[in-house]
Protein chains: 2
Amino acid sequence: MSELSHRSGVPVGTVKYYLREGLLPAGRATSATQAQYDDEHLQRLTLIRVLVRIGGLSIAATRQVLQAIDHPPASMHSLLGTAHTALATRTEPLDEISPEARERTDQLLQRLGWQSVQGAAYAQLAVAIDGLALAGLPATDAELDRYAVAAEQIARGDVAGVPFDSPDLAIRWVVTKTVLAEPMLLALRRLAQEHVSATWLTGGNGDEAASPTP
Amino acid sequence: MSELSHRSGVPVGTVKYYLREGLLPAGRATSATQAQYDDEHLQRLTLIRVLVRIGGLSIAATRQVLQAIDHPPASMHSLLGTAHTALATRTEPLDEISPEARERTDQLLQRLGWQSVQGAAYAQLAVAIDGLALAGLPATDAELDRYAVAAEQIARGDVAGVPFDSPDLAIRWVVTKTVLAEPMLLALRRLAQEHVSATWLTGGNGDEAASPTP
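Predicted model, so just to flag it, every value in this text is computed and none were measured.

### Focus on the overall build of chain A
Inference 1: Of regular secondary structure, chain A possesses nine helices and two strands.
Inference 2: Beginning at the N terminus, the succession of helices and strands in chain A can be written as α-α-β-β-α-α-α-α-α-α-α.
Inference 3: Residue burial in chain A is summarised as follows: out of 214 residues, 49% are buried.
Inference 4: Contacts spanning at least 24 positions in sequence make up 52% of the contacts within chain A whose residues lie at least 6 apart.
Inference 5: With the model as given, the accessible surface of chain A reaches about 9,900 Å², and the carbon-plus-sulfur share is 51%.

Okay, structure coming up:
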């Protein structure tokens with residue numbers, strides 16, 4: 001175990017905790033006090049570490065994600081739904097969302113022609129629409145459409161990249177990219193905002209006009 | 001106070017907690033046991049509620065955001081930086097990020113021609129790049145560029161919408177949209193992934209080919 005800890009950079013106490021929580025399978029016992037861990041243990045340990053430390057997932061959410069990886073759903077499409085449900089930071093009960101927000105969400109999906117179940121992502125969208133309205137700065141239809149167009153563009157590239165011919169790799173891919181590409185996207189949006197505002201508001205040193213009219 | 005609680009839908013105990021934490025200014029005392037709260041209190045209370053419940057901000061982060069709203073920075077551009085720093089879920093010390101991830105982040109920003117300080121958003125991006133590499137699924141340059149293009153498109157619309165002529169409203173706008181448009185964007189990306197994968201993988205009922213080649 002100390003070798004596993006050394007190779008992964010994860011403290012022994014943390015490795016023991018993951019073993020106790022059932023996230024990491026036990027090693028093959030070679031004596032009363034020794035167990036053997038192989039490369040699969042090392043890979044699994046690295047994945048847990050990434051999900052917990054960088055993805056910010058709870059132990060319970062991590063367990064759900066690992067279960068999805070160990071038991072990939074039969075249909076490749078339901079794979080995405082499974083991953084999204086396991087990765088939902090919290091599931092809002094639909095009845096806590098205002099009827100107005102649900103209606104606007106439904107209208108948006110209809111305008112876009114998107115097929116959708118009323119799952120975790122649907123609830124998250126409706127909650128955000130509710131929140132913006134509550135904060136006195138409701139999202140306009142134009143704003144929702146603008147975000148949706150960008151989101152669809154990203155999603156097309158995402159789905160095109162999934163290695164669907166290998167179910168094992170595909171679920172690992174979907175889970176990892178869902179967890180880790182999200183902070184990446186948000187960081188890029190913030191950096192882009194800072195860049196655009198710097199260019200517009202300081203007179204710019206790029207191709208932009210000095211006025212915030214695009 | 002019970003009227004304030006009633007009008008905002010926030011329990012009296014929670015209102016008292018926000019008062020104690022200094023998030024909500026005290027009302028004008030009208031007697032030993034009564035205080036008067038006005039519409040400004042109601043607006044502030046609603047904003048706190050939205051930041052905490054829907055934005056998922058801690059009390060400390062909420063306090064920082066409110067301070068930014070109460071004391072808008074002199075330059076309108078530094079307003080974005082202030083908001084982003086206050087809203088960073090956690091700031092990674094730059095020396096915990098691998099030199100490789102920092103180099104890739106710098107190269108990306110250079111390719112894009114984005115001006116950037118090495119602030120919270122920069123660190124978040126580098127951490128995500130590190131995480132994807134650790135998970136064995138490193139982001140390719142093409143993938144980073146693809147996300148960046150979509151992010152810039154969103155950011156242009158965002159910045160164009162900021163009511164820069166009113167500093168008070170502008171900071172409120174930036175903070176609220178930063179906190180609440182993020183879950184909206186992530187939800188839309190997940191919904192778009194589900195839609196695209198449904199269309200491709202089930203043979204489709206839309207305009208798409210049945211093969212995952214865009």
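After presenting the structure, the write-up continues.
### Points about the nonpolar core
Inference 1: Among the nonpolar cores identified, the biggest contains 134 residues, and M184(A), L188(A), M184(B) and L188(B) are the most heavily contacted of them.
Inference 2: Those residues in contact with M184(B) that sit more than four places away from it in its chain are L125(A), A128(A), L132(A), A139(A), L144(A) and Y147(A).

### Here's the deal with the pattern of salt bridges
Inference 1: For the structure shown, the criterion picks out 26 salt bridges over all chains.
Inference 2: Residue E152(A) pairs with R156(A) through a salt bridge whose shortest N-O separation is 2.6 Å. Of this pair, E152(A) and R156(A) both sit in helix α8 (residues 141–161), four residues apart, roughly one helical turn.
Inference 3: On the basis of relative accessibility, which here comes to 17%, the residue E152(A) falls in the buried class.
Inference 4: Residue E21(B) is joined to R63(B) by a salt bridge in which the shortest nitrogen-to-oxygen separation is 2.9 Å.

### Digging into helix α3 (residues 39–54) of chain B
All names here are of chain B.
Inference 1: Taking 1.5 Å of rise per residue, the 16 residues of α3 would be expected to cover 22 Å, and the 22 Å separating its terminal C-alpha atoms lies within 8% of that figure.
Inference 2: Where α3 is concerned, the buried positions are H41, L42, R44, L45, L47, I48, V50, L51 and I54.
Inference 3: Capping the start of α3 is the job of one residue whose side-chain oxygen sits 3.1 Å from the backbone nitrogen of E40: D38.

### Section: the packing of helix α6 (residues 99–112) of chain A against helix α7 (residues 120–134) of chain A
If you want to describe how two helices pack, look at the angle between their axes and the distance between the axes.
Residues and elements named next belong to chain A.
Inference 1: As a packed pair, α6 and α7 sit with axes 9 Å apart at the nearest point and diverge in direction by 120°. Between α6 and α7, the angle is such that the two are oblique. Considering only the axes of α6 and α7, their crossing is right-handed. Judged by residue contacts, A101, R102, R104, T105, D106, L108 and L109 of α6 engage Y122, L125, A126, I129 and D130 from α7.

### Concerning the interface of chain B and chain A
Inference 1: Opposite the 82 residues of chain B that make contact, chain A presents 82 residues.
Inference 2: Regarding the contact of chain B and chain A, the summed buried area is about 8,500 Å², with carbon and sulfur atoms giving 67% of it.
Inference 3: Considering only the surface of chain B that becomes buried against chain A, Q115(B), M184(B) and R190(B) emerge as the three largest contributors, covering 9% of it.
Inference 4: Summed over the shared surface of chain B and chain A, the number is ten salt bridges.
Inference 5: Ionic pairing is found between R190(B) and E182(A), a salt bridge with its closest N-O pair at 2.8 Å.
Inference 6: In this assembly, chain B and chain A are joined by 16 residue pairs in polar contact (both at pLDDT 80 or more).
Inference 7: Those elements that place two or more of their residues in the side of chain B that touches chain A are α3, α5 (76–87), α6 (99–112), α7 (120–134), α8 (141–161) and α9 (167–201) of chain B.
Inference 8: The greatest single-element share of the side of chain B that touches chain A, amounting to 27 residues, is contributed by α9(B).

### What about the side chain of H195(B)?
Inference 1: Looking at the secondary structure, you find H195(B) in helix α9.
Inference 2: On the accessibility criterion, H195(B) (9% relative accessible area) is buried.
Inference 3: Those residues in contact with H195(B) that lie beyond four places of it in its chain are G113(A), W114(A), Q115(A) and E152(A).

### Quick look at the relation of the copies chain B and chain A
Inference 1: In the superposition of chain B on chain A (RMSD 0.0 Å, axial shift 0.0 Å), the rotation amounts to 180°. The relationship between the two copies is best expressed as a two-fold rotation axis. Distance from the rotation axis, computed per C-alpha, reaches its smallest value in chain B at A150(B): 2.8 Å.

Each value, and the rule that gives it
Residues numbered from 1 in each chain as written. Chains lettered and ligands numbered in written order. Predicted model: local features only at pLDDT ≥ 70, side-chain atom pairs only at ≥ 80, totals over all residues. Heavy atoms only, no water. Helix = DSSP H or I, 4+ residues; strand = E, 2+ residues; numbered from the N terminus. Buried < 20%, exposed > 50% of the residue type's maximum accessible area, 1.4 Å probe, protein only. Contact = heavy atoms within 4.5 Å. Areas by Shrake-Rupley, 256 points an atom, 1.4 Å probe, with all protein chains shown as cover. Core = buried A, V, L, I, M, F, W, Y, C linked by side-chain atoms within 4.5 Å. Salt bridge = Lys/Arg side-chain N within 4 Å of Asp/Glu carboxyl O. Expected span 1.5 Å × (residues − 1). Polar contact = N/O pair within 3.5 Å; in protein donor to acceptor, adjacent residues only side chain to side chain. Axes fitted to C-alpha atoms, helices over the stretch in contact; angles between N-to-C directions. Parallel < 35°, antiparallel > 145°, perpendicular 65-115°, else oblique. Left-handed = near helix turned anticlockwise from the far one by under 90°. Buried area = accessible area lost by both parts, 1.4 Å probe. Least-squares fit on C-alpha atoms with pLDDT ≥ 70 in both.

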